[in-house]
Amino acid sequence: MSLKARITDDMKSAMRAKETARLGTIRLLLAAIKQREVDERIELDDAALGDPIIGSIVEKLIKQRKDSISQFQAAGRDDLVSAEQAELVVLQAYLPEQLSAAEVEAAVIAAITESGAASARDMGKVMGLLKSRLAGRADMGQVSALIKTRLAG
């Protein structure tokens with residue numbers, strides 16, 4: 001079953017269970033997917049083509065939720081923080097299984113070795129290798145920080 005079909009099935013089950021918060025989040029995700037289909041004039045239905053693209057859409061929505069949470073916390077809006085956190089939990093269910101810190105570190109070390117990176121100037125080479133390998137399975141901001149640490153010391 002493709003990721004898009006799974007999301008659609010989850011929307012139907014949320015409707016039946018009258019889970020309004022979950023339903024709203026899933027509808028938001030489906031609207032973002034549909035917008036991408038319309039913008040690029042493609043059909044994101046094939047599992048081989050659609051899942052990585054849908055995964056990137058999910059990642060984008062998760063990043064937006066995390067940014068909103070930090071801004072709402074700074075403003076003292078705990079009601080909005082809890083709503084965003086609930087949406088974040090629903091969206092994270094559609095990401096592939098996340099890599100552990102040790103697995104990410106091993107991938108970074110392997111990419112540094114493979115690319116022959118020696119200084120912070122070579123960070124782009126390492127990120128280029130890791131971006132496709134770790135897409136959706138690791139927080140690329142943390143990966144970037146880890147690369148900087150490794151290349152600096």
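Please read all numbers here as calculations on a predicted model, not as lab measurements.

Participant: I'm lost on the overall build of the chain in this one. Help?
Facilitator: When its secondary structure is counted, the chain shows seven helices and zero strands. The order of helices and strands in the chain, counted from the N terminus, is α-α-α-α-α-α-α. Here the chain, with 153 residues, has 34% of them falling under the buried criterion. Counting contacts in the chain only where the partners sit at least 6 residues apart, residues at least 24 apart contribute 53% of the total. Measuring between centres, the 22 positive side-chain charges of the chain sit 3 Å from its 22 negative side-chain charges.

Participant: Can you help me understand the packing of helix 2 (residues 20–40) against helix 4 (residues 78–92) in this one?
Facilitator: In a pair of packed helices, the angle between the axes and the distance between the axes together describe the arrangement. Viewed as axis vectors pointing N to C, helix 2 and helix 4 meet at an angle of 60°, and their least axial separation amounts to 9 Å. In terms of axis orientation, helix 2 runs oblique to helix 4. Seen from above, helix 2 lies across helix 4 with right-handed handedness. Contacts between helix 2 and helix 4 involve R22, T25, I26 and L29 from the former and E87, V90 and L91 from the latter. In the contact of helix 2 with helix 4, the residues fall into four nonpolar, one polar and two charged.

Participant: Is there a simple way to explain helix 4 in this structure?
Facilitator: Structural remark: α-helix, 3.6 residues per turn; residues separated by three or four positions point the same way. Its 15 residues give helix 4 an end-to-end C-alpha distance of 21 Å, which sits within 8% of 21 Å, the value for a rise of 1.5 Å per residue. Of the positions making up helix 4, those classed as buried are V81, E84, L88, V90 and L91.

Participant: How should the environment of Q71 be read in this particular structure?
Facilitator: The topology assignment puts Q71 in helix 3 (residues 47–75). In this structure Q71 comes out as exposed when scored by relative accessible area, which is 56%.

Participant: Any chance you could explain the packing of helix 6 (residues 123–134) against helix 7 (residues 140–152) here in plain terms?
Facilitator: Orientation of helix 6 relative to helix 7, taken along the N-to-C sense of each, is 145°, at an axis distance of 11 Å. Between helix 6 and helix 7 lies a crossing of right-handed hand. Facing helix 6, whose interface residues are M123, V126, M127, L130, K131 and L134, helix 7 presents M140, V143, S144, I147, K148 and L151.

Participant: Just checking my understanding: could you explain the nonpolar core for this structure?
Facilitator: In globular proteins that are soluble, nonpolar side chains generally tend to be buried together. Judged by nonpolar contacts, the single largest core of 23 residues is most densely connected at I7, L29, I33 and Y94. Of all the secondary structure elements, the ones that give two or more residues to this core are helix 1 (3–16), helix 2, helix 3 and helix 4. Ranked by residue count, the leading element in this core is helix 3, at seven residues. The contacts of I7, once residues within four sequence positions are left out, are I26, L29, L30, I33, I54 and Y94. By size, the runner-up hydrophobic cluster in this structure holds 16 residues, among which are V104, M127, L130 and V143.

Participant: Is there a simple way to explain the pattern of salt bridges in this structure?
Facilitator: Side chains that differ in charge, positive against negative, can pair when their charged atoms come close. Summed over all chains, the structure comprises twelve salt bridges. One salt bridge in this structure joins K34 and E37, with 3.8 Å as the shortest N-O distance. Of this pair, K34 and E37 both sit in helix 2, three residues apart, roughly one helical turn. When its relative accessible area of 5% is taken as the criterion, E37 is described as buried.

Cut-offs used in this document
- Residues numbered from 1 in each chain as written.
- Predicted model: local features only at pLDDT ≥ 70, side-chain atom pairs only at ≥ 80, totals over all residues.
- Heavy atoms only, no water.
- Helix = DSSP H or I, 4+ residues; strand = E, 2+ residues; numbered from the N terminus.
- Buried < 20%, exposed > 50% of the residue type's maximum accessible area, 1.4 Å probe, protein only.
- Contact = heavy atoms within 4.5 Å.
- Lys, Arg positive; Asp, Glu negative; His and termini not counted.
- Charge placed at Lys NZ, Arg CZ, Asp CG, Glu CD.
- Axes fitted to C-alpha atoms, helices over the stretch in contact; angles between N-to-C directions.
- Parallel < 35°, antiparallel > 145°, perpendicular 65-115°, else oblique.
- Left-handed = near helix turned anticlockwise from the far one by under 90°.
- Nonpolar A, V, L, I, M, F, W, Y, C, P; charged D, E, K, R; others polar.
- Expected span 1.5 Å × (residues − 1).
- Core = buried A, V, L, I, M, F, W, Y, C linked by side-chain atoms within 4.5 Å.
- Salt bridge = Lys/Arg side-chain N within 4 Å of Asp/Glu carboxyl O.

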